[in-house]
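Analysis of the macromolecular model
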Amino acid sequence: MRFRESWDEIAPVGRDAGSGGYLRYALTEPELRLREWFRAQADLRGMPVSADGNGNLFAWWGDPPGDTRDGDTGRAGTGAVLTGSHFDSVPHGGAYDGPLGIVSAFLAVDELRAAGASPVRPVVVAAFVEEEGARFGVPCLGSRLLTGEIDPDRAAGLRDAAGVSFADALGARPAGADPALSDRFAAFVELHVEQGRALVDAGAPVGVASAIWPHGRWRFELRGEGNHAGTTRMADRRDPMLTFAFTVLAANKEARLRGAHATVGRVAVAPNATNAVPSTVTCWLDARAAAPETLRELVEAVHAKAAERARRDGTELTVTPESATPLVTFDGGLTGRLAHLLAAPVLPTGAGHDAGVLAARLPTAMLFVRNPTGVSHSPAESATDDDCAAGVVALARVLEELACR
Ligand code: HGY
Ligand code: MN
Ligand code: MN
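Residues numbered from 1 in each chain as written. Chains lettered and ligands numbered in written order. Predicted model: local features only at pLDDT ≥ 70, side-chain atom pairs only at ≥ 80, totals over all residues. Heavy atoms only, no water.

1. Some remarks on the overall build of the chain
The number of helices and strands found in the chain is 13 helices and 15 strands. Considered along the principal axes of its C-alpha atoms, the chain spans approximately 80 × 45 × 40 Å. Across the chain, contacts joining residues at least 24 apart in sequence account for 76% of those joining residues at least 6 apart. Approximately 16200 Å² of the chain is accessible, and the part contributed by carbon and sulfur atoms is 53%. (Helix = DSSP H or I, 4+ residues; strand = E, 2+ residues; numbered from the N terminus. Contact = heavy atoms within 4.5 Å. Areas by Shrake-Rupley, 256 points an atom, 1.4 Å probe, with all protein chains shown as cover.)

2. Description of the coordination of the manganese ion (ligand 3)
For the manganese ion (ligand 3), every protein donor is listed as His86 (NE2), Asp97 (OD) and His192 (NE2), and the spread of their distances is 2.1 to 2.2 Å. One chain supplies every donor to the manganese ion (ligand 3), and in sequence these donors are spaced H-x10-D-x94-H. Between the two metal centres, the manganese ion (ligand 3) and the manganese ion (ligand 2), the spacing is 3.5 Å, with Asp97 acting as a shared donor. Taken together, the residues Asp97 in the loop between β3 (80-86) and α3 (99-114) and His192 in strand β5 (residues 185-193) connect sequence positions 95 residues apart. (Donors = N, O, S within 2.8 Å, 3.2 Å for Na, K, Ca; no water.)

3. Thoughts on the pairing of strand β7 (residues 215-223)
Every regular strand shows the same layout, with side chains that alternate between the two sheet faces. The sheet contact formed by β7 and strand β11 (residues 280-288) spans nine bridges and is antiparallel. Within the sheet, the bridge partner assigned to Phe220 lies in β11 and is Cys283. (Pairing = 2+ DSSP bridges.)

4. As for the site of ligand 1
For ligand 1, the full set of nearby residues is Asp97, Glu131, Glu132, Gln195, Arg288, Ala351, Gly352 and His377. One of the side-chain nitrogen or oxygen atoms of Glu132 is found 2.9 Å away from a nitrogen atom of ligand 1. Between ligand 1 and Arg288, the relevant distance is 2.6 Å, taken from an oxygen atom to a side-chain nitrogen or oxygen of the residue. Burial of ligand 1 by the protein amounts to 94% of the accessible area it has alone, namely 210 Å². Considered class by class, the residues forming the shell around ligand 1 number one nonpolar, three polar and four charged. (Near = heavy atom within 4 Å. Polar contact = N/O pair within 3.5 Å; in protein donor to acceptor, adjacent residues only side chain to side chain. Nonpolar A, V, L, I, M, F, W, Y, C, P; charged D, E, K, R; others polar.)

5. Digging into the packing of α3 against helix α13 (residues 385-403)
Where α3 meets α13, the axes come as close as 8 Å, and the angle between the chain directions of the two elements is 60°. Comparing their axes, α13 and α3 come out oblique. Judged by the sense of rotation from one axis to the other, the crossing of α3 with α13 is right-handed. Contacts between α3 and α13 pair Leu100, Ser104, Ala105, Leu107, Ala108, Glu111 and Leu112 from the former with Cys388, Val392, Val393, Leu395, Ala396, Leu399 and Glu400 from the latter. The class makeup of the residues in the contact of α3 with α13 is 11 nonpolar, one polar and two charged. (Axes fitted to C-alpha atoms, helices over the stretch in contact; angles between N-to-C directions. Parallel < 35°, antiparallel > 145°, perpendicular 65-115°, else oblique. Left-handed = near helix turned anticlockwise from the far one by under 90°.)

6. Re the sheet that holds strand β12 (residues 316-325)
If you walk across this open sheet you meet the four strands as β9-β11-β7-β12, and the pairing is antiparallel. In this open sheet, the two strands that pair with only one neighbour each are β9 (261-270) and β12. If you compare each strand with its neighbour and ignore which way they point, the axes differ by 15° on average. Contacts from helix α9 (residues 240-258) reach β7, β9 and β11, with the element oriented near 170° to β9.

7. Concerning the environment of His86
Turning to its location among the elements, His86 is positioned in strand β3. In the structure, His86 is positioned 42 residues away from Phe128 in sequence and 4.9 Å away in space, judged by C-alpha atoms. At a separation of 3.0 Å, a polar atom in the side chain of His86 contacts the side chain of Asp97. Among the polar contacts listed, one links the side chain of His86 to the side chain of Glu131, at a separation of 3.3 Å.

8. Remarks on the coordination of the manganese ion (ligand 2)
Asp97 (OD), Glu132 (OE), Glu132 (OE) and His377 (NE2) make up the full set of protein donors to the manganese ion (ligand 2), lying at 2.0 to 2.8 Å. Of note, the donors binding the manganese ion (ligand 2) are all from one chain and are spaced D-x34-E-x244-H.

9. Points about unusual backbone geometry
Cis geometry marks the peptide bond from Ala270 to Pro271; its omega dihedral reads 5°. Along the chain, the position of Pro271 falls in the loop between β9 and β10 (276-277). One non-glycine residue with positive phi stands out, namely Glu130, at about 55°. Position of Glu130 among the secondary structure elements: in the loop between β4 (123-128) and α4 (141-147).

10. A look at the pattern of salt bridges
This structure, assessed with the given rule, holds 26 salt bridges. A salt bridge links Arg258 to Glu297, with the nearest nitrogen and oxygen atoms 4.0 Å apart. Placement of Arg258 in helix α9 and of Glu297 in helix α10 (residues 292-313) is noted, with a sequence separation of 39 residues between them. By relative accessible area, Arg258 is classed as partly exposed at 27%. (Salt bridge = Lys/Arg side-chain N within 4 Å of Asp/Glu carboxyl O. Buried < 20%, exposed > 50% of the residue type's maximum accessible area, 1.4 Å probe, protein only.)

11. Examining the domain arrangement of the chain
One can read the domain layout of the chain as domain 1 (2-213 + 327-403) and domain 2 (215-325). Its C-alpha centre places domain 1 at a distance of 33 Å from the equivalent point of domain 2. Around 1100 Å² of area is buried between domain 1 and domain 2 when both sides are counted, 49% of it from carbon and sulfur atoms. Its largest share of buried area at the contact with domain 2, domain 1 owes to Arg144, Trp213 and Leu327, together 53% of the area lost on that side. At the surface where domain 1 touches domain 2, the tally comes to zero salt bridges. In this structure, the connection of domain 1 to domain 2 is made through six residue pairs in polar contact (both at pLDDT 80 or more). Per-class residue counts for the side of domain 1 that touches domain 2 are seven nonpolar, four polar and four charged. (Domains from an automatic or database assignment. Buried area = accessible area lost by both parts, 1.4 Å probe.)

Written out as structure tokens, the structure reads:
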């Protein structure tokens, strides 16, 4: 198996020399190079590539019965088995989050071909666009468009920090939902590096996902009065940084009280000057919990505490939900079948994935590959070659079970 060889082909793409992390934002130069790599890998294997008009790519192995190519969206085949993941990263993210699922999918096709297997229904490798939401702010943008979960006009108008719209980056208004999705594909199985330590604790190289915690993102905009740091008395200030600081502490406390997760990892300050009391502070709350009602209570509590503090500080608060993902319980039959096939442990995750979006429209499952430290969304994210190879073998067995019998 050529895992290390394949991996080394993409490892340098988009890696920041300073942090060692990756800057692979959707439809920017590094990710576009990875999409070219995707096309080259498909060409090497004689796998035609189709695009869905939303920025997602699909490489096809095996002609579907009664294959009828439908224009620019590629094959209209029935009952294909979809696998794959995403190329894009969070700022200074790890190497494995996303690309491991795509590299492993191509290598799994190689494994099946080497074993003489051939698909009775197509196997399709996908590269979904903007899974992290690191450029345009909405995670799983490509899979949400494909499934119809986000309106194409809203998606088209999303802008990055430089003001570039998703439609401009894509080069067209996104096509939106595929009405034939559940005919075109019979199942989706995404392989992903585990973003946690459950497989380390279980002593297993590969696991199967049971569920994804409900989670979402909320934008907190705090407005006060910009002023001089040296001449403005403390009693006269309306400082949004104070309200922000309290909001972060409240999020941390309310999450701990509920066994949930709350993160404020992104903040924008204006005018962001050392010697000026800020006029506005905008921050984003990432909140997640095992149960929907816990998540709702958590966000309500943080919002209430922030609003109370804003009143004390004389600042104004606006909270805007930017994305939400409900509790995803993966298809029980498929999950049980794969766990049995692979003799692998079954585990939930707090991380969102394209599989969590596709699960609303297709029988969907996830395979996790052991992450020795559990660290992710960091340059320190890692996985051993042996465990990645075990992931490829597991995915090949799953695709053989689902598409070659
Ligand atoms: O944020 C997440 O959970 C995923 O990595 N996009
Ligand atoms: Mn991620
Ligand atoms: Mn991911």
